[in-house]
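Summary of structural features
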Amino acid sequence: MSLLQTLQLAPTDPILGLNESFAKDPRPDKVNLGVGVYLGEDGLLPLMECIRIAEERLTAQNKPHGYLGIDGLPAYIKATRSLVFGEDAPVLERVASVQALGGTGALKVGADFIQQLTPSAKVLISTPSWENHRALFTRAGFEVGEYRYYSAEQKGIDVDGMIDDLQQAEEGTVVVLHACCHNPTGYDLQKADWDRVIEAVASRKLVAFLDMAYQGFGFGIEEDKAVIGWFLDAGLEFLVATSFSKSFSLYGERIGALHVVAPDAEAARKVLSQLKVCIRTNYSNPAKQGAALVAEVLGDPELRQSWEDELAGMRERIKNLRYHLVTGLRDAGITDMDFISDQLGMFSYSGLTKDQMVALRTEHGVYGTDAGRMCVAALNSRNIEHVAKAIAAVR
Ligand code: LMR
């Protein structure tokens, strides 16, 4: 019997798989709220002005396409470290940073690194969490459990339940936390809640792995990374995965970074050496274009300002879309979904059941994940009424 004939067909990806069904759907009024991608009012993926200019500059340089170092483009690494930890922050001497293939790549390099270091550690993710967290950490060899997070009755976070679960975790457990714009729920912890989380992480000697894929989509670039400072203040060692897919609209460039905060510079040097082994044995070294673009923008005061302004525009527009969706739902007779305007980031966790989400897709051509997540950042003034009416029809 052939080895390959024993294979089972793998299930389609719960998020990216929707893109495939969406592409095949012939209905002209179909709406893709599945994947987390920001679309402009014209329904198209924006090319940010700062990226357009940076790309022109890079093209004009006509540089050859040499390999990057295993850890990535130095100017990019420097820029992304400043963005996450602050310009010339003293802590940087004990932070090991590498360029990564988007946020997912950063999580995977981090997962491989921890697995090598402490193979029997368990991983805890939030209930619910980004669909790929469980799969990614399981695939990296971990047993993945959950801590309580979203409570349907509270229409928000079950902070007490979360803290209880963290307090019961075994020492050394890796806790995956969403730094801002929790995916999929859109509900973030308040500062006082984070204090309790940090206290539990410290007292139970847990390893925090912060996933920050949406910096700038909550309240602002600085505000959204505040939690990093609180972890530093508590003297903890932790990991941070970041992504620039969304904040620079550079999805296809696969550009992110992994940062590991170590106890001292010598430990950070060793961490970096091990991260490089993880990268080298997976894909050798990362790709250049996305890193060069981000470095160009962040390294030029005018482009950086333009980026911040445009990102702020995206953030404000999403808030507006939330407001209009709530209004549209109210017009369609749905009065108990106002919580959509309280949620942060690209997503709304609608509370719709799997059956309702399937009906939304099959009967109305509105695509969201089976878990009830919809990407409000893909709405516009032409499709919002259709979406609101479709939601009302399946409820
Ligand atoms: C999402 O959650 O939709 C995005 O982070 C894209 C992805 O890779 O799943």
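Cut-offs used in this document
- Residues numbered from 1 in each chain as written.
- Predicted model: local features only at pLDDT ≥ 70, side-chain atom pairs only at ≥ 80, totals over all residues.
- Heavy atoms only, no water.
- Helix = DSSP H or I, 4+ residues; strand = E, 2+ residues; numbered from the N terminus.
- Rg over C-alpha atoms; globule rule 2.2 N^0.38 Å.
- Buried < 20%, exposed > 50% of the residue type's maximum accessible area, 1.4 Å probe, protein only.
- Contact = heavy atoms within 4.5 Å.
- Expected span 1.5 Å × (residues − 1).
- Arc of directions from axis to C-beta.
- Pairing = 2+ DSSP bridges.
- Axes fitted to C-alpha atoms, helices over the stretch in contact; angles between N-to-C directions.
- Near = heavy atom within 4 Å.
- Polar contact = N/O pair within 3.5 Å; in protein donor to acceptor, adjacent residues only side chain to side chain.
- Areas by Shrake-Rupley, 256 points an atom, 1.4 Å probe, with all protein chains shown as cover.
- Nonpolar A, V, L, I, M, F, W, Y, C, P; charged D, E, K, R; others polar.
- Phe/Tyr/Trp six-rings, centres within 6.5 Å; stacked < 30°, edge-to-face > 60°.
- Core = buried A, V, L, I, M, F, W, Y, C linked by side-chain atoms within 4.5 Å.
- Salt bridge = Lys/Arg side-chain N within 4 Å of Asp/Glu carboxyl O.

What to know about the overall build of the protein chain
- A tally of helices and strands in the protein chain yields 14 helices and 13 strands.
- Against the globule reference of 21 Å for 395 residues, the protein chain gives a C-alpha radius of gyration of 21 Å, in line with a compact fold.
- Taken across its 395 residues, the protein chain has 56% of its residues classed as buried.
- Sequence separation of at least 24 residues holds for 74% of the intrachain contacts in the protein chain that already meet a minimum separation of 6.

Section: helix α2 (residues 49-61)
- With 13 residues, α2 ought to run about 18 Å at 1.5 Å a step, and its terminal C-alpha atoms sit 19 Å apart, in line with that.
- Three or more residues of α2 are buried, namely Cys-50, Ile-51, Ala-54 and Leu-58. Buried residues of α2, seen end-on, are gathered within an arc of 90 degrees and therefore sit on one face of the element. Away from its buried face, by an angle of more than 90 degrees, α2 presents the exposed residues Thr-59 and Ala-60.
- Among the structural elements, α11 (289-298) and α12 (301-331) are those in contact with the buried residues of α2.

Structural notes on the sheet that holds strand β8 (residues 207-212)
- Spatially, β2-β10-β9-β8-β7-β3-β4 is the arrangement adopted by the seven strands of the open sheet, whose pairing is mixed. Two strands bound the open sheet, and with one partner strand each, they are β2 (95-101) and β4 (143-148). Direction aside, the axes of adjacent strands within the sheet are offset by 25 degrees on average.
- The sheet contact formed by strand β3 (residues 122-127) and strand β7 (residues 174-178) spans two bridges and is parallel. Residue pairing in the sheet places Val-123 in a bridge with Val-174 of β7.
- The sheet strands contacting helix α10 (residues 265-280) are β2 and β10 (255-261), and the helix crosses β2 at an angle near 15 degrees.

A few points about the site of the ligand
- In the vicinity of the ligand, the contacting residues are Ile-15, Val-35, Gly-36, Trp-130, Asn-183, Tyr-214, Lys-246, Phe-347 and Arg-373.
- Residue Asn-183 places a side-chain N or O atom 3.0 Å away from an oxygen atom belonging to the ligand.
- Between the ligand and Arg-373, the relevant distance is 2.7 Å, taken from an oxygen atom to a side-chain nitrogen or oxygen of the residue.
- Out of a free accessible area of 260 Å², the ligand has 83% covered by protein chains.
- Residues belonging to the shell around the ligand are distributed by class as follows: five nonpolar, two polar and two charged.

Looking at the pairing of β3
- Relative to β4, β3 runs parallel, the two being bridged by six bridges. Pairing of Ile-125 across the sheet is with Glu-146, part of β4.

Some points on the packing of aromatic side chains
- All told, the structure shown has 12 aromatic pairs when counted by the stated rule.
- When the ring of Phe-231 is compared with that of Phe-238, the centres are 5.3 Å apart and the planes differ by 50 degrees; the resulting orientation is tilted. Judged on exposure class, the residue Phe-231 and its partner Phe-238 are both buried.
- Aromatic rings pair up to connect Tyr-76, Phe-244, Phe-248 and Trp-307 into one cluster.

What to know about the nonpolar core
- Core analysis: the biggest nonpolar cluster contains 140 residues, and Phe-85 and Phe-231 have the highest contact counts within it.
- Per-element accounting of this core gives the leading share, nine residues, to α12.
- Once residues within four sequence positions are removed from consideration, Phe-231 is found in contact with Leu-177, Trp-194, Ile-198, Val-201, Ala-208, Leu-210, Leu-236 and Phe-238.

What about the pattern of salt bridges?
- Across all of its chains, the model carries 19 salt bridges by this definition.
- A salt bridge links Glu-222 to Lys-225; the shortest N-O distance between them is 3.2 Å.
- You can call Lys-225 buried: its relative accessible area is 12%.
- Through salt bridges with shared partners, a single network forms among Glu-49, Arg-52 and Glu-56.

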